[in-house]
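Coordinate inspection notes
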Amino acid sequence: MELPANLIESSITRGTILHSTIFEEIDHGKYFVIIGVSEEQIAGFFFINSNIHPSLESKPEQFSMQYPMKKADYPFLRYDSFLCATNIITKKRSDLVKSIQSNITTIIGSMKKEHVLDVLEMVRESRLFSKIEKRKFFY
């Protein structure tokens, strides 16, 4: 039985963790977290990575946007990982709903509320995002 689009859409909120192969520039499935929301779009789409990419060590602004995620808090992780909050990727809500309905994307769970608040504080204070982006997606 296919879930109705409005039911799926209501479960796509800030802090939702998903896994998908919808990202054409990535050749494998990725875990990601929705941190930004607006009327028509979801944003953030911050990827969960097992390691911080070495190139970020020389970029303090981007390095500081790697939020630790512990396996103890998120059992789907194979090991302690990092949420990379360095750039905003947006998708239409309707496109994400369609990818869930077609089993390309799976809802895994939710970030702990205190972790979502930590990440929001990080992105609101970061110089990587414009005031317009922050207002649109992170408040």
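Structure shown above.
Criteria and thresholds
Residues numbered from 1 in each chain as written. Predicted model: local features only at pLDDT ≥ 70, side-chain atom pairs only at ≥ 80, totals over all residues. Heavy atoms only, no water. Pairing = 2+ DSSP bridges. Helix = DSSP H or I, 4+ residues; strand = E, 2+ residues; numbered from the N terminus. Axes fitted to C-alpha atoms, helices over the stretch in contact; angles between N-to-C directions. Contact = heavy atoms within 4.5 Å. Buried < 20%, exposed > 50% of the residue type's maximum accessible area, 1.4 Å probe, protein only.

Moving on, we come to the sheet that holds strand E7 (residues 81-84). Overall, antiparallel pairing links the six strands, which are arranged E6-E7-E5-E2-E1-E9 in an open sheet. With one partner strand each, in any of the chains shown, strand E6 (66-69) and strand E9 (105-110) form the two edges of the open sheet. Averaged over all pairs of adjacent strands, the angle between strand axes in this sheet comes to 30 degrees, irrespective of strand direction. As paired elements, strand E2 (residues 30-33) and strand E5 (residues 46-49) share two bridges and run antiparallel to each other. By the bridge assignment for E5, Phe32 is matched with Phe47. Along the sheet, helix H3 (residues 93-101) makes contact with strand E1 (16-20), E2 and E9, crossing E9 at roughly 105 degrees. Each of E5, E6 and E7 touches helix H4 (residues 113-125); the most contacted strand, E6, lies at about 170 degrees to it.

Before going further, it helps to spend a moment on the sheet that holds strand E8 (residues 91-92). Within a sheet, neighbouring strands are paired by backbone hydrogen bonds and run either parallel or antiparallel to one another. If you walk across this open sheet you meet the three strands as E3-E4-E8, and the pairing is antiparallel. A single partner strand is all that each edge strand has here, and the edge strands are strand E3 (36-37) and E8. With two bridges connecting them, strand E4 (residues 41-43) and E8 associate as antiparallel partners. Residue pairing for E8: Gln41 is matched across the bridge by Lys92.

Turning our eyes to something else, we now look at the side chain of His115. Among the secondary structure elements, His115 is positioned in helix H4. In this structure His115 comes out as buried when scored by relative accessible area, which is 12%. When neighbours within four sequence positions are excluded, His115 is seen to be in contact with Tyr67, Asp73 and Tyr74.

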